[in-house]
Amino acid sequence: MMQGPTVPALLPLELIDKCVGSKIWVLMKGDKEVVGILRGFDDHVNMVMENVTEFEPDGATFKTTKWDQILLNGTNICMLVPGGEGPLSTSSHLATTSAPAPTSSSTPLVPTQ
């Protein structure tokens, strides 16, 4: 049986390693998010970042704080977005790319009997 080309596996720490020296968007537990240049990390995903902007929701907007350098505790990281610009750059994007609401003529996900 012929199979298509295999895609090499990429481990999580390998992906983070590829981001060293570039911009990364980090979503933290709670509501905080940070965007900055990743300078280094360890096996616990503790991260050293530079030129950081911290975003904290403040009603319908975000309160921003600038930091020259920070150390993030990996325990508090929920998601990493390589090359991400942060929450302000995606708000209009999210509004325009949401999936359409299902209609009564849509195909069911589970076959009916």
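Since this is a predicted model, take the numbers as computed values, not measurements.

Let us now look at the confidence of the model for the protein chain. Put simply, the protein chain has an average pLDDT of 82, and 77% of its residues get 70 or more. Low confidence marks residues 92–113, where pLDDT is under 50. Its contacts with residues over four positions away, or in another chain, come to zero contacts.

What follows deals with the pattern of salt bridges. Considering all chains together, one arrives at three salt bridges under this definition. The salt bridge involving Glu85 is made with Lys23; its shortest N-O contact spans 3.4 Å. In this pair, Glu85 sits in the loop between strand 5 (77–82) and helix 2 (87–96) while Lys23 sits in strand 1 (residues 23–28), placing the two residues 62 residues apart along the sequence. Relative accessible area serves as the criterion here: at 46%, Glu85 is assigned to the partly exposed category. A residue is classified by how much of its surface remains accessible, and Lys23, at 32% relative accessible area, is partly exposed.

The subject of this paragraph is unusual backbone geometry. Unlike most non-glycine residues, Val45 shows phi in positive territory, near 60°. We classify Val45 as buried; its relative accessible area is 19%. Backbone geometry places Asn51, a non-glycine residue, at a positive phi of 50°.

The element strand 1 is largely enclosed, with a buried count of five among its six residues. With five bridges connecting them, strand 1 and strand 2 (residues 33–41) associate as antiparallel partners. By the bridge assignment for strand 2, Val26 is matched with Val34. Hairpin connection, strand 1 to strand 2: the antiparallel pair is bridged by four residues, and Gly30 has positive phi, about 85°. As judged from the five bridges shared by strand 1 and strand 5, these two strands associate in the antiparallel manner. Bridging across to strand 5, Leu27 finds its partner in Met79.

Cut-offs and rules
Residues numbered from 1 in each chain as written. Predicted model: local features only at pLDDT ≥ 70, side-chain atom pairs only at ≥ 80, totals over all residues. Heavy atoms only, no water. pLDDT = per-residue confidence, 0-100. Contact = heavy atoms within 4.5 Å. Salt bridge = Lys/Arg side-chain N within 4 Å of Asp/Glu carboxyl O. Helix = DSSP H or I, 4+ residues; strand = E, 2+ residues; numbered from the N terminus. Buried < 20%, exposed > 50% of the residue type's maximum accessible area, 1.4 Å probe, protein only. Pairing = 2+ DSSP bridges.

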